[in-house]
Amino acid sequence: MFGGKKKAKVIQQDKEEILKKKFDILKKEVPIYVFTRKGENDPFNRFTMALIKELGKLTPKIIPEFHEIGDEVSKKYDVSRSPTILIDPAAYHIRYTGSPAGEEMRSFLDTIVMTSVGKTRLSSSDRERLTTLKESRHIQVFVTPT
Amino acid sequence: MAAAVASALERPDLITAEIVEASENEDLAVKYGVSSVPHTVINGKTVSLGVDTQDAFIEKILTLQEPAAGVPPLIREGEEVHVDIVIVGAGPGGLTAAIYGERSGLKCVVLEKGVVGGQVALTPVVENYPGLTRVAGKSLVDLMAQHAGQYAHIHQGEEVLEIKPDEQIKVSTNRGKYLCRAVILATGAKHRKLGVPGEERLYGRGVSYCATCDGYFYKGKKVIMVGGGNSAVTEALYLDSLGVGVTLVHRKDKLRAELRLQESLFSRKIPVFWNSGVGEILGDKIVTGVRIENTKTGKTEEMQVDGIFISIGYEPVNELAKKTGVELDEAGYVKADRRQRTNVPHIYAVGDITGGVKQIVTAVGQGAVAAMTAFEDLANPYWKEKEAVG
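Residues numbered from 1 in each chain as written. Chains lettered and ligands numbered in written order. Predicted model: local features only at pLDDT ≥ 70, side-chain atom pairs only at ≥ 80, totals over all residues.

## What to know about the overall build of chain A
And then number 1: Assigned secondary structure in chain A consists of five helices and five strands.
And then number 2: From first element to last, N terminus to C terminus, chain A shows the α and β order α-β-α-β-α-β-β-α-α-β.
And then number 3: Looking at the 146 residues of chain A, the share that counts as buried comes to 34%.
And then number 4: Looking at chain A alone, contacts between residues at least 24 apart form 73% of all its contacts between residues at least 6 apart. (Helix = DSSP H or I, 4+ residues; strand = E, 2+ residues; numbered from the N terminus. Buried ≥ 20, exposed ≤ 12 C-beta atoms within 10 Å, placed from the backbone. Contact = placed C-beta atoms within 7 Å.)

Structure follows, in structure tokens:
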């Protein structure tokens, strides 16, 4: 109407409805922190910020927070790569180093659901075995969008 | 990856999970020698190249080692589980059989020794599944698994070791025993290997059987795709569209792939080495080249490449069928009639293990037929009728 070009959304309209339904079961609020630095992976920074912003609009349970790398919060969580996403960092240590694009989007959304609902898909025997762990573990899984 | 995140949620006091987008963090990918995905590192040590079952992944978290043979049982040791149908394999055929079986009122369990989805999970794009004009193979099997999971239990990482056909069929797995009335074999087919020097040694280090999984790492690099069928040409087109410099290497002077795919290949000017095979894969720690042999002249030449993708067809996964006394054809595929019955009463076979055109739609169709035939046979045993008449 004003002749301005409307910015394309990351989440298509038909997918919004599906996601709203998926998020119906969310229980606990999930703070999602996005960290970016201008000049480093800019297209992925833009995608990640838009994605988290749009997810935050679909449900009040997702609480987006945006930070620049170098600020106090990024120092607190030792974030140096752009973009980085932290899921509920006060409670858990789950980090996405890079944007959850393409095929990775599905598992990213599952992570949000598991975090909020407080239930994982591990079998009861695997959960039991994990209780025997005594030392710290840093797991890194390398993925691509395909 | 889901298991990594789930573990961090279960043990926030000790476990941190980091999902690293390799193409946006090339320095990290290089540091850990990542050339295929998923690639998992725990406490700085690479523990797996490829998808793990949940049990195996947890074992690696606990021990930082490859798991020893045998995983803890999901069902109690010694316990015998009673079901109507045991379905071996969770590809499209097995998953469909579970949906149809349960909807007929038969209790089904799907046992999958690897990960759900079969070959389709590794297919970049599927364009011939009716109703879905273009869908990623992984997305399609996820949808099927979610659907089947609403009806039946799907056990990943559970391998069937033995099937003893009888009035009541005994199925032994690495986790326990099942007593059932019918078995549907959907064990599928696996990638055929070239069987040349360097192939095993450099697997995951430049040798790949999955362009969907690993193509990304070769953006701007040079690779060959070996094969001439639909899969090879589809994957070559996929690599080309990613910006990978791909050359097709084929043993004959014409392709087996669908005409439409061939047209795309030629219009994109993807080079083809005709009448050529790979004699050796070269490289110390990673692939640096291949030795190409001309199948007509016998002449060999070395070609510098960063990767080799292999798509030369499949071999039936028939060890279990063989052990069970199921009749196979000369190529090793299970012989099944048009109702998917094998020669052994109450044992059926569906999908790639039965050979034929090996399409997702045919596997799905056969899955439905097998479950419905099993339903009929359990009510009216066809071989007993024959005996009575005879």
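## A few points about the overall build of chain B
And then number 1: For chain B, the helix and strand inventory stands at eleven helices and 24 strands.
And then number 2: Counting across all 390 residues of chain B, residues that qualify as buried make up 48%.
And then number 3: Counting contacts in chain B only where the partners sit at least 6 residues apart, residues at least 24 apart contribute 61% of the total.

## So, the packing of helix H4 (residues 92-103) of chain B against helix H5 (residues 137-149) of chain B
Think of two packed helices as two axes; the pair is described by the angle between the axes and how far apart they sit.
Residue and element names in this part refer to chain B.
And then number 1: Between H4 and H5, whose axes approach to 9 Å, the crossing angle comes to 25°. Relative to H5, the element H4 is oriented roughly parallel. The handedness of the crossing between H4 and H5 comes out as left-handed. Contacts from Pro 92, Leu 95, Ala 98 and Ile 99 in H4 reach Val 141, Met 144, Ala 145, His 147 and Ala 148 in H5. (Axes fitted to C-alpha atoms, helices over the stretch in contact; angles between N-to-C directions. Parallel < 35°, antiparallel > 145°, perpendicular 65-115°, else oblique. Left-handed = near helix turned anticlockwise from the far one by under 90°.)

## Describing the sheet that holds strand E19 (residues 276-282) of chain B
Residues and elements named next belong to chain B.
And then number 1: Judged by pairing direction, the sheet is antiparallel, and its three strands sit side by side in the order E19-E20-E21 without closing on themselves. Two strands lie at the open edges of the sheet, namely E19 and strand E21 (300-304), each paired on one side alone. Averaged over all neighbouring strand pairs, the angle between strand axes comes to 30°, with direction disregarded. (Pairing = 2+ DSSP bridges.)

## Structural notes on the pairing of strand E10 (residues 160-164) of chain B
Residue and element names in this part refer to chain B.
And then number 1: Across four bridges, E10 lies against strand E11 (residues 169-173) in antiparallel orientation. Paired with Lys 164 across the strands is Lys 170, a residue of E11.
And then number 2: Here E10 folds back onto E11, and the loop between the two strands holds four residues.

## Points about the environment of Thr96(B)
Residue and element names in this part refer to chain B.
And then number 1: Tracing the sequence through the fold places Thr 96 in helix H4.
And then number 2: Once the C-alpha coordinates of Thr 96 and Ala 145 are considered, the two residues, 49 residues apart in sequence, prove to be 9.0 Å apart.
And then number 3: Sequence-distant contacts of Thr 96, that is, excluding residues within four places in its chain, are made with Val 364, Gly 367 and Ala 368.

## So, the interface of chain A and chain B
And then number 1: At the junction of the two partners, chain A supplies 40 residues and chain B supplies 46 residues.
And then number 2: Where the side of chain A that touches chain B is concerned, the elements lending two or more residues are strand E4 (94-97), helix H4 (104-117), helix H5 (124-130) and strand E5 (137-143) of chain A.
And then number 3: Of all the elements, E5(A) adds the most residues to the side of chain A that touches chain B, at seven residues.
And then number 4: Its residues placed into classes, the side of chain A that touches chain B shows 13 nonpolar, 17 polar and ten charged.
And then number 5: Direction of pairing for E5(A) relative to strand E2 (residues 39-42) of chain B: antiparallel, over a ladder of four bridges. (Nonpolar A, V, L, I, M, F, W, Y, C, P; charged D, E, K, R; others polar.)

## Structural notes on unusual backbone geometry
All names here are of chain A.
And then number 1: With an omega of -10°, the peptide bond running from Ser 82 to Pro 83 counts as cis.
And then number 2: Residue placement: Pro 83 occurs in the loop between helix H3 (72-76) and strand E3 (84-87).
And then number 3: Despite not being glycine, Asn 41 has its phi angle at roughly 50°, a positive value.
And then number 4: Of note, Asn 41 is situated in the loop between strand E1 (30-36) and helix H2 (42-58).
And then number 5: For Asp 78, which is not a glycine, the phi torsion comes out positive at approximately 55°.
And then number 6: Residue position: Asp 78 is located in the loop between H3 and E3.

## Quick word on the pairing of strand E5 (residues 85-88) of chain B
All names here are of chain B.
And then number 1: Side-chain alternation along E5 places Ile 85 and Ile 87 on one buried face and Val 86 and Val 88 on a second face that is also buried.
And then number 2: Looking at chain direction, E5 and strand E6 (residues 108-112) are connected through four bridges and run parallel. By the bridge assignment, Ile 87 is partnered in E6 with Val 110.
And then number 3: Handedness of the crossover joining E5 and E6 through H4 is recorded here as right-handed. (Right-handed = clockwise from strand over helix to strand, strands pointing away.)

## Here we look at helix H7 (residues 230-242) of chain B
All names here are of chain B.
And then number 1: Helix length check: H7, at 13 residues, gives a terminal C-alpha distance of 18 Å against a target of 18 Å (1.5 Å per residue), a fit within 8%.
And then number 2: Among the residues of H7, Ser 231, Ala 232, Val 233, Thr 234, Glu 235, Ala 236, Leu 237, Tyr 238 and Leu 239 are the ones counted as buried.
And then number 3: On the buried face of H7, the contacting elements are strand E7 (125-126), helix H6 (211-214), strand E16 (222-226), strand E17 (245-249), helix H8 (259-267) and strand E22 (307-310).
And then number 4: Phi for Gly 243, located one or two positions after H7, is positive at around 95°. (Expected span 1.5 Å × (residues − 1).)

## A few points about the nonpolar core
Residue and element names in this part refer to chain B.
And then number 1: Counting residues in each nonpolar core, the largest one holds 82 residues, and the members touching the most others are Val 5, Val 223, Met 225, Ala 236, Leu 239 and Ile 308.
And then number 2: Residue contributions to this core reach at least three from each of two domains, namely domain 1 (2-63) and domain 3 (207-310).
And then number 3: If near-sequence neighbours (up to four positions away) are discounted, Ala 236 is found in contact with Met 225, Val 246, Leu 248, Leu 265 and Ile 270.
And then number 4: Of all hydrophobic cores here, the second largest spans 57 residues; its members include Ala 148, Val 171, Ala 186 and Ala 321. (Core = buried A, V, L, I, M, F, W, Y, C linked by C-beta atoms within 7 Å. Domains from an automatic or database assignment.)

## Considering the sheet that holds E10(B)
Residues and elements named next belong to chain B.
And then number 1: Read from one edge to the other, the open sheet built from four strands follows the order E4-E12-E11-E10, with strand pairing classed as mixed. If you trace the sheet from one side to the other, it starts and ends with strand E4 (80-82) and E10, each paired once. Neighbouring strand axes in the sheet, compared pairwise and without regard to direction, differ in orientation by 20° on average.
And then number 2: Bridge count for E4 against strand E12 (residues 177-180) is three bridges, and the pairing is parallel.

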